[in-house]
Amino acid sequence: MPEPTSSQSPANPSRARAAFLKLELPGDALLFLYFAVLAREYFWWVTNNNYAAWTASVVLAACALWLYLTAKDPTEENEAGLPFWLIGVLPLVFIYTLRVAFPDVSFDVLNYRLLHAERGLRGFLYLPGEFFPTPAPYNPAPDMVTGIFRHALGYRLGTIVNLLALIWTARIADKLLRPFWRNAWVRATGVLLVVMAEHLLFEINNYMVDLLAVPLLLAATHLTLQLGAREDTASAGARDLNEGPGSTQRRRVITVALLLGMSVAFKLTNAGIALPLVLLCAYRVLFDDGKPAAKQLAWTTVLCAAAFLLPLAPFSVYLYRTTGSAVFPIFNGVFKSAYWPLSNTWDPRWGGVGYAQKLAWPILITFKPERLSELAVYSGRISFGFVAAFAGLIFCRRDARLRALCFIVVLGAMLWSASTGYIRYAFYLEVLAAIVVLALASRLWANAPRSRSRITAVALLWLGLLLQACFAGYYVSQNEWGGRPTIFTQPGPFKTEAHLLLRDRSLRRFLNADTREKFDAVEVWIVSSMKTASVEALLQPAAPMIGINTGEYFLAPAARTEFDEALARVSGKRIFTLAFPEDLTAALATLRSHGLSARESVPVEIPFFAPQGKIKMFLIAVGPAQSNPVAKDTSVSNTPHDPAYRAEISATAQPALLVAGAKLVLNLKVRNQGETTWRARVPAGWMGVVTVGDRWLRADGVGVVNEQDSRSALPHDLQPGEEADLMLSITAPPVAGDYVLEIDMVHEGVTWFYQRGSPTLRWPVRVEQAAK
């Protein structure tokens with residue numbers, strides 16, 4: 001099909017019809033919603049009329065979708081075919097159905113996901129006067145997508161968006177496999193193996209958002225591989241790029257940038273995994289297509305940068321204006337927001353420890369699943385694909401498409417290992433790893449008649465993926481992020497709950513009149529414990545929220561001042577907090593530590609989108625404390641000893657001299673001298689575990705230089721009286737001078753141990769500038 005000329009109007013019926021014929025479901029329908037929620041973030045700034053804002057957002061989304069469709073290859077086959085739907089999709093529908101009747105009660109969902117969705121759909125993430133009601137203000141765009149489905153289909157069926165995202169992923173995987181396996185039935189079997197990864201399937205019934213960006217990254221991969229794949233002349237791509245802003249090649253490059261920007265907006269950690277695609281795309285433009293003119297190359301670069309930043313801009317500006325950092329709270333040691341400790345520390349429970357483990361992490365993950373995620377199981381998909389990709393780079397030098405896929409997997413896995421090593425941030429690698437294995441098997445099969453060993457290698461590659469998929473099926477039949485049963489383990493409750501499908505759009509509708517009246521009295525929410533913010537937002541969405549359950553927000557003077565001002569603004573209003581029975585003691589202690597007290601505590605039962613599924617909680621009336629022994633002074637001398645927080649810490653070496661900015665690994669021994677168990681892992685995530693961390697103080701031992709330099713996780717739960725050996729990587733201050741290094745235990749999201757009277761390990765350190 002010939003390309004339309006630049007003189008054609010975008011409204012030309014033939015071009016519009018061609019674009020419409022490229023429409024694919026469910027992917028392009030989801031992409032339209034993605035465009036709409038990102039456009040809605042721009043209208044946070046210009047209108048308070050939600051209906052007008054959404055109308056404008058829908059119009060912009062339709063225009064964006066049309067432009068996206070014009071970047072597709074007009075000669076590409078769009079039909080998936082019967083084998084794809086029978087073999088590739090039907091098992092996904094079955095897996096989704098296993099738990100669809102049971103409402104999602106995952107930790108992250110109750111902690112902040114539902115709150116982010118409700119706020120983002122109506123306007124800015126935080127209401128005026130609020131103080132950080134969630135652990136971190138993440139971009140709510142993906143939560144807005146799940147929120148649309150939840151409001152349209154109800155709480156149970158709202159999670160179908162994840163199923164649709166996986167089907168979209170499968171369709172793109174089918175396209176990526178088409179050059180390697182032409183037989184539709186064989187390819188459909190390969191597609192099924194691609195999507196059968198346990199950690200992808202663990203989220204299929206949840207309001208977690210990690211799956212939503214996977215098809216965006218895959219679509220960007222598919223378009224990148226199409227760059228330079230023209231069949232006329234070697235320089236045709238360069239001529240096409242030089243034709244002008246409307247050229248097909250340029251539209252594809254810009255579309256890749258837009259898709260990558262959207263994926264990063266949905267999940268900031270996708271930035272590292274997207275880097276190999278950026279490098280590959282740049283290589284294709286500069287070399288595979290012939291050298292384009294400098295002017296056109298510069299113009300294309302500017303347009304790509306704009307397309308990448310377009311999805312990120314509104315929330316990044318909002319975040320910067322709210323916190324002083326456009327990527328808050330990560331890399332705060334670099335961006336230095338006054339509302340978070342100056343640290344670049346990532347969750348110390350996950351990933352490799354030290355440079356050697358990080359380098360080998362793509363292989364080690366199969367043998368260390370406990371450091372991969374809270375669910376602590378792994379069937380080895382990335383490890384399998386990583387080895388196959390290395391082999392492909394070495395032995396398949398003439399196959400540009402396969403080598404490109406191998407390059408993405410190898411470099412992407414290394415970047416992921418160096419950054420987080422957490423499996424929920426590597427779903428794209430999970431999918432692409434299987435595609436690389438199948439692509440390598442295809443190339444071996446092409447030469448199989450010549451070698452029995454190659455036939456064996458092909459069989460082993462397919463068999464390896466099949467075994468991995470079987471393990472994934474077993475794991476997902478046993479567990480998922482919400483810990484819910486399946487239709488097979490609890491058929492009776494499943495049937496009862498299924499009657500509520502499409503009838504569970506509002507949580508308040510399940511409340512009786514007396515309980516509803518209690519929540520109507522709430523004018524302000526205090527978020528005093530985990531898993532309550534979303535419930536509070538659903539029960540009384542108009543009430544502003546003041547968070548006190550994330551300890552990091554109270555380590556800097558500016559944050560404490562902001563908190564005091566937030567409390568002053570709600571003085572005289574009816575203030576309440578919610579707490580689960582198991583969190584009640586900690587919630588009351590948190591209230592006291594922030595100058596608040598519980599005036600009255602009333603037990604309530606909240607039917608969580610089901611009359612039978614009642615959540616027991618305490619509704620607590622909150623007021624100022626009559627006296628606050630802890631007050632705002634966190635020094636040990638003014639803090640009473642808490643027997644639950646007692647540690648003994650020692651170091652094998654205490655270096656007295658360091659070079660500015662130098663890194664050093666300390667060998668520590670810690671003993672639990674308290675009365676409670678120190679948890680190494682909890683279902684809540686990082687918040688709630690006990691770690692060891694360091695702070696840099698001024699020479700007087702009082703002034704703080706860096707409140708949060710580094711963290712190291714416990715190897716296992718530590719009972720009272722037990723001890724453990726730990727390694728802690730520290731970084732010397734960048735400015736020469738005299739300092740005090742302090743080592744202490746941290747109850748993440750709650751307190752440093754020194755704030756509860758526990759002794760710390762500290763010694764003076766002289767920091768000198770490096771010799772030139």
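Residues numbered from 1 in each chain as written. Predicted model: local features only at pLDDT ≥ 70, side-chain atom pairs only at ≥ 80, totals over all residues. Heavy atoms only, no water.

Bringing the overall build of the chain into the picture now. A tally of regular secondary structure across the chain gives 26 helices and 14 strands. Relative to all contacts within the chain whose residues are 6 or more apart in sequence, the contacts with residues 24 or more apart total 75%. With the model as given, the accessible surface of the chain reaches about 31,700 Å², and the carbon-plus-sulfur share is 62%. (Helix = DSSP H or I, 4+ residues; strand = E, 2+ residues; numbered from the N terminus. Contact = heavy atoms within 4.5 Å. Areas by Shrake-Rupley, 256 points an atom, 1.4 Å probe, with all protein chains shown as cover.)

Remark: helix α18 (residues 381-395) packs on helix α20 (residues 427-446), axes separated minimally by 8 Å, with the N-to-C direction vectors making an angle of 45 degrees. In terms of their interaxial angle, α18 and α20 are classed as oblique. Our pair here, α18 against α20, has a crossing hand that is left-handed. Seen from α18, the contacting residues are Arg381, Ile382, Phe384, Gly385, Ala388, Ala389, Ala391 and Gly392; seen from α20, they are Leu429, Glu430, Val431, Ala433, Ala434, Val436, Val437 and Leu440. (Axes fitted to C-alpha atoms, helices over the stretch in contact; angles between N-to-C directions. Parallel < 35°, antiparallel > 145°, perpendicular 65-115°, else oblique. Left-handed = near helix turned anticlockwise from the far one by under 90°.)

Turning our eyes to something else, we now look at the packing of aromatic side chains. If you walk through the whole model with that rule in mind, you get 41 aromatic pairs. On the numbers, 5.2 Å between centres and 80 degrees between planes, the contact of Phe131 with Phe132 is edge-to-face. Ring-pair connections join several aromatic residues into one group, and the members of that group are Tyr126, Phe131, Phe132, Phe328, Tyr339, Trp340, Tyr553, Phe554 and Phe563. Above the face of the Phe580 ring, Lys531 is positioned so that its terminal group lies 4.7 Å from the ring centre. When the ring centre of Trp752 is taken as reference, the NZ or CZ atom of Arg695 above it lies at 5.7 Å. (Phe/Tyr/Trp six-rings, centres within 6.5 Å; stacked < 30°, edge-to-face > 60°. Lys NZ or Arg CZ within 6 Å of the ring centre and 35° of its normal.)

The next point concerns a nonpolar patch on the surface. On the surface, Leu82, Leu86, Leu90, Val93 and Trp185 cluster together into a nonpolar patch covering about 480 Å² of accessible area. At four residues, the largest contribution of residues to the nonpolar patch is made by helix α4 (residues 82-97). The residue Val93 is located in helix α4 in this model. (Patch = residues over 30% accessible without salt bridge, like charges linked within 9 Å, V, L, I, M, F, W, Y side chains within 5 Å. Salt bridge = Lys/Arg side-chain N within 4 Å of Asp/Glu carboxyl O.)

Below, the discussion takes up the pattern of salt bridges. This model, assessed by the stated rule, comprises 29 salt bridges. Measuring nitrogen to oxygen at the nearest pair gives 2.7 Å for the salt bridge that ties Arg508 to Asp520. Taken together, the positions of Arg508 in the loop between α22 (491-498) and α23 (513-520) and Asp520 in helix α23 put the pair 12 residues apart, joining distant regions of the chain. The shortest N-O distance in the salt bridge between Asp514 and Lys518 comes to 2.6 Å. Residue Asp514 and its partner Lys518 are located together in helix α23, separated by four residues, close to a single helical turn. Note on Lys518: relative accessible area 25%, which makes it partly exposed. (Buried < 20%, exposed > 50% of the residue type's maximum accessible area, 1.4 Å probe, protein only.)

Relative to the elements of secondary structure, Phe367 occurs in the loop between α17 (354-364) and α18. Sequence spacing of Phe367 and Gly380 is 13 residues, and the spatial spacing of their C-alpha atoms is 8.5 Å.

Before going further, it helps to spend a moment on empty space enclosed by the protein. In total, this model carries four cavities of 30 Å³ or more according to the counting rule given. Roughly 90 Å³ of internal volume is contained in the second largest cavity. Around the second largest cavity, the lining comprises 13 residues; the ones closest to its centre are Asp210, Val214, Asn270, Arg424 and Phe427. Only α10 (214-226), α13 (270-288) and α20 provide two or more residues apiece to the lining of the second largest cavity. (1 Å grid on protein atoms, 1.4 Å probe; cavity = no way out; pocket = protein on both sides within 12 Å on 5 of 7 lines; lining within 4 Å. Points joined across faces, edges and corners; volume = space filled by probe spheres on them.)

Leu31, Tyr34 and Trp416 are the most contacted members of the largest nonpolar core, which has 165 residues in total. Once residues within four sequence positions are removed from consideration, Tyr34 is found in contact with Val145, Trp168, Leu212, Leu216, Met262 and Phe266. (Core = buried A, V, L, I, M, F, W, Y, C linked by side-chain atoms within 4.5 Å.)

Right, let's talk about α4 for a bit. Spacing of three or four residues puts side chains on the same side of an α-helix, whose turn is 3.6 residues. For α4, which comprises 16 residues, the first-to-last C-alpha distance of 21 Å matches the rise-based estimate of 22 Å (1.5 Å per residue) to within 8%. Along its length, α4 shows its largest kink, about 40 degrees, at Val89, and proline Pro91 lies within four residues downstream of that point. Buried within α4 we find Pro83, Phe84, Gly88, Val89, Leu92, Ile95 and Tyr96. (Expected span 1.5 Å × (residues − 1). Bend = angle between axes of the 7 residues up to and from the residue.)

On to the confidence of the model for the chain. Mean pLDDT for the chain: 86, with 89% of residues reaching 70 or above. Across the chain, element-level confidence peaks in helix α6 (residues 141-153) with a mean pLDDT of 97 and bottoms out in helix α11 (residues 236-242) with 48. Here residues 1-12 scores under 50 on pLDDT; set against residues more than four positions off or in separate chains, the count is 10 contacts. Contacts from residues 230-239, a stretch scored under 50 in pLDDT, to residues over four places away or in other chains number 14 contacts. (pLDDT = per-residue confidence, 0-100.)

Now for the sheet that holds strand β8 (residues 663-672). The three strands lie next to each other as β6-β8-β11, forming an open sheet whose pairing is antiparallel. What marks the edges here is a single partner per strand, and that holds for β6 (647-651) and β11 (723-731). Going from strand to strand, the sheet's axes swing by 30 degrees on average, the running direction of each strand aside. (Pairing = 2+ DSSP bridges.)

Take Phe510: it is sitting in the loop between α22 and α23. Along the chain, Phe510 and Phe608 lie 98 residues apart, while their C-alpha atoms are 7.5 Å from each other. Once you skip the residues sitting within four places of it in the chain, Phe510 turns out to touch Leu500, Arg503, Asp504, Pro607, Phe609, Ala610 and Pro611.

Turning to helix α19 (residues 400-419), a few remarks are in order. In this model, α19 (20 residues) spans 28 Å end to end at C-alpha, consistent with the 28 Å of a helix rising 1.5 Å per residue. Listed as buried for α19 are Leu402, Ala404, Leu405, Cys406, Ile408, Val409, Val410, Gly412, Ala413, Trp416 and Ser417. Of the residues flanking the start of α19, the one acting as N-cap is Asp399, its side-chain oxygen 3.3 Å from the backbone nitrogen of Arg401. A positive backbone phi angle near 70 degrees is found at Gly421, which sits one or two residues after α19. (Polar contact = N/O pair within 3.5 Å; in protein donor to acceptor, adjacent residues only side chain to side chain.)

The five strands lie next to each other as β2-β1-β3-β5-β4, forming an open sheet whose pairing is mixed. One side of each edge strand has no neighbouring strand; the edge strands of this open sheet are β2 (545-547) and β4 (596-607). Going from strand to strand, the sheet's axes swing by 30 degrees on average, the running direction of each strand aside. Bridge analysis of strand β1 (residues 524-527) against strand β3 (residues 575-579) gives two bridges, and the strand direction is parallel. Across the sheet, the residue bridging to Val524 is Ile575, located in β3. The strands touched by helix α26 (residues 584-593) are β1, β3, β4 and β5 (614-624); relative to β5, the strand with the most contacts, the crossing angle is about 20 degrees.

Turning our attention to the pairing of β4. Two faces belong to every sheet, and in a regular strand the side chains alternate between them. Bridge count between β4 and β5: 11 bridges; the pairing is antiparallel. Pairing of Ser597 across the sheet is with Gly623, part of β5. What sits between the antiparallel neighbours β4 and β5 is a turn of six residues, in which Phe609 has the positive phi angle 60 degrees.

Following the sequence through the fold, His116 ends up in helix α5 (residues 107-122). Judged by its relative accessible area of 0%, His116 is buried. Only 3.4 Å separates the side chain of His116 from the side chain of Thr134, close enough to count as a polar contact. Setting aside its immediate chain neighbours within four residues, His116 contacts Leu125, Thr134, Ala136, Pro137, Tyr138, Pro140 and Asp143.

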